[in-house]
Amino acid sequence: MKSKRANVNIALLKYWGKKDQKINLPHQTSVSVTADIFYTRTNVEIDEKLIRDKVMLDGKELTGLQYTRVVQHLSTMREYFKRKEFCVVTSVNNVYVRAGYASSASSFAALTAAYVDAIGAKVNEKELSQIARLGSGSATRSIHGGFVVWHQGHDHESSFAEKLPIEWPEFRMLFTIIDPSVKRISSRIGMQITIEKAPSYDIYVRQSNDLVAPMIDALMKHEIDTVGRIAERSAELMRNVMLEAGLEYHTPMTQKVIQSIRSIRSKHRIPVYYTFDAGPNLILLTLDKHVDQVMKLLPDVKIQVSGVGGGISDADL
Ligand code: DP6
């Protein structure tokens, strides 16, 4: 069966909060790198005889909240393309579901590309990223490969992702599995709670947008230390407003590994940095020549190494 493949992406500068929940319009511009080991493949078949959508994920028919989110995005796309037919969605996740890496980014990016393909619409990558955003914010960035900027914009038209002109094949992401339990509060709910409860949310937005130009500049120059330091700052700024709102996603183990990363950096002079999303697991950022040594220095941490991945592609299912 033919399908569209979308890879997971990791935000080096985080998206955490929406100005408009209906179209996932973010409060901040974010920057990401697409990974090559975790991805989703999805096929969509239009079926005029169906009276509702059918969604198969990893061989099981979806029900409940997960089904509703997929159907909501299909309905949004039907409205967008002025179509009526229901469809059968078949999707396979190649991700660490239990580690919280089953990102909605790859799922909604693949679903968007597969639907557009199924109806035969002619859509360029910019428009594809805008439509993917309607399903999940971070999916906007998974349309492209490599290093990507999602311009926050001020409306549907101006909020889209763009591939940055950066080739950096030596860049590596080390996905740690610190706590394999499924995250308790989703990003979607967590960011709303943060906006409502964190007194310094506005300051956070300004501080995080101030990081965009220096991050892109450092990526262009392949300066791993600057990229790593800014990525850590972005993640820590996000964590601070989460904590102000009473949200804690880290476990004591997360904090312990962060201390180890800092000491590897200072004692062994290895450029290795960390980032995290709304969960307890860290993603380490480094270069290929340091991967073996970092893994040796973290013998108790389960790690999966990823290089830089591509954008939406055709794949067999
Ligand atoms: C912490 O894209 O999952 O991973 O737009 O509500 O679907 P929705 O949220 P989602 O949020 C991702 C948040 C993050 C940071 C990031 O990827 O930029």
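Residues numbered from 1 in each chain as written. Predicted model: local features only at pLDDT ≥ 70, side-chain atom pairs only at ≥ 80, totals over all residues. Heavy atoms only, no water.

Asks: Got a sec to walk through the packing of aromatic side chains? Specific residues and values, please.
Replies: According to the stated counting rule, one finds ten aromatic pairs in the structure shown. Considering the side-chain rings of Trp16 and Tyr249, the 6.4 Å spacing of their centres and the 90° angle between planes classify their relative orientation as edge-to-face. Taken together, the residues Trp16 in the loop between β1 (2-13) and β2 (18-20) and Tyr249 in the loop between α7 (224-244) and α8 (252-268) connect sequence positions 233 residues apart. Judged on exposure class, the residue Trp16 and its partner Tyr249 are both buried. A ring pair is formed by Tyr201 and Tyr204, whose centres lie 5.7 Å apart and whose planes are at 55°; its orientation type is tilted. A residue pair is termed a helical-turn pair when its members lie 3 or 4 positions apart in one helix, as Tyr201 and Tyr204 do in helix α5 (residues 201-209) at three residues. Accessibility classification places Tyr201 together with Tyr204 in one group, the buried group. Taken together, the ring pairs connect Tyr80, Phe81 and Tyr115 into an aromatic cluster. We note Arg5 situated over the ring of Tyr39; from NZ or CZ to the ring centre the distance is 3.6 Å. (Phe/Tyr/Trp six-rings, centres within 6.5 Å; stacked < 30°, edge-to-face > 60°. Helix = DSSP H or I, 4+ residues; strand = E, 2+ residues; numbered from the N terminus. Buried < 20%, exposed > 50% of the residue type's maximum accessible area, 1.4 Å probe, protein only. Lys NZ or Arg CZ within 6 Å of the ring centre and 35° of its normal.)

Asks: Outline α7, listing residues and values.
Replies: Because each turn of an α-helix spans 3.6 residues, side chains separated by three or four positions end up pointing in the same direction. Compared with the 30 Å implied by 1.5 Å per residue over 21 residues, the 30 Å span of α7 between its first and last C-alpha is a close match. Positioned one or two residues after α7, Gly246 has a phi angle of 85°, which is positive. (Expected span 1.5 Å × (residues − 1).)

Asks: Pulling in residues and values, what's your account of the domain arrangement of the protein?
Replies: Interface size, as often reported, equals the accessible area lost upon joining of the parts. Taken as a whole, the protein is organised into domain 1 (3-167) and domain 2 (171-306). Taking the mean C-alpha position of each, domain 1 and domain 2 sit 23 Å from one another. Viewed at the interface, domain 2 and domain 1 are joined by one salt bridge. For Lys14, the salt bridge identified is with Asp277, shortest N-O distance 2.7 Å. Where domain 1 touches domain 2, the interface holds twelve residue pairs in polar contact (both at pLDDT 80 or more). The set of elements that each furnish at least two residues to the side of domain 1 that touches domain 2 consists of β1, β4 (30-47) and β8 (147-151). Considering every element that reaches the side of domain 1 that touches domain 2, the biggest residue donor is β4, with seven residues. Grouping the constituent residues of the side of domain 1 that touches domain 2 by class yields 19 nonpolar, ten polar and six charged. (Domains from an automatic or database assignment. Salt bridge = Lys/Arg side-chain N within 4 Å of Asp/Glu carboxyl O. Polar contact = N/O pair within 3.5 Å; in protein donor to acceptor, adjacent residues only side chain to side chain. Nonpolar A, V, L, I, M, F, W, Y, C, P; charged D, E, K, R; others polar.)

Asks: Explain the sheet that holds strand β10 (residues 171-177) to me, using residue names and the numbers behind them.
Replies: In a beta sheet, neighbouring strands pair by backbone hydrogen bonds and run either parallel or antiparallel. In spatial order, the strands read β11-β12-β10-β13; together these four strands make up an open sheet with antiparallel pairing. A single partner strand is all that each edge strand has here, and the edge strands are β11 (273-276) and β13 (302-306). Taking the axes of each pair of neighbouring strands and ignoring which way they run, one obtains an average angle of 30° across the sheet. Pairing of β10 with strand β12 (residues 282-287), which is carried by five bridges, proceeds in the antiparallel orientation. Across the sheet, residue Leu174 finds its bridge partner in β12, namely Leu284. Contacts from α7 reach β10, β11 and β12, with the element oriented near 35° to β11. Sheet strands in contact with α8 are β11 and β12, and its direction is about 155° off that of β11. (Pairing = 2+ DSSP bridges. Axes fitted to C-alpha atoms, helices over the stretch in contact; angles between N-to-C directions. Contact = heavy atoms within 4.5 Å.)

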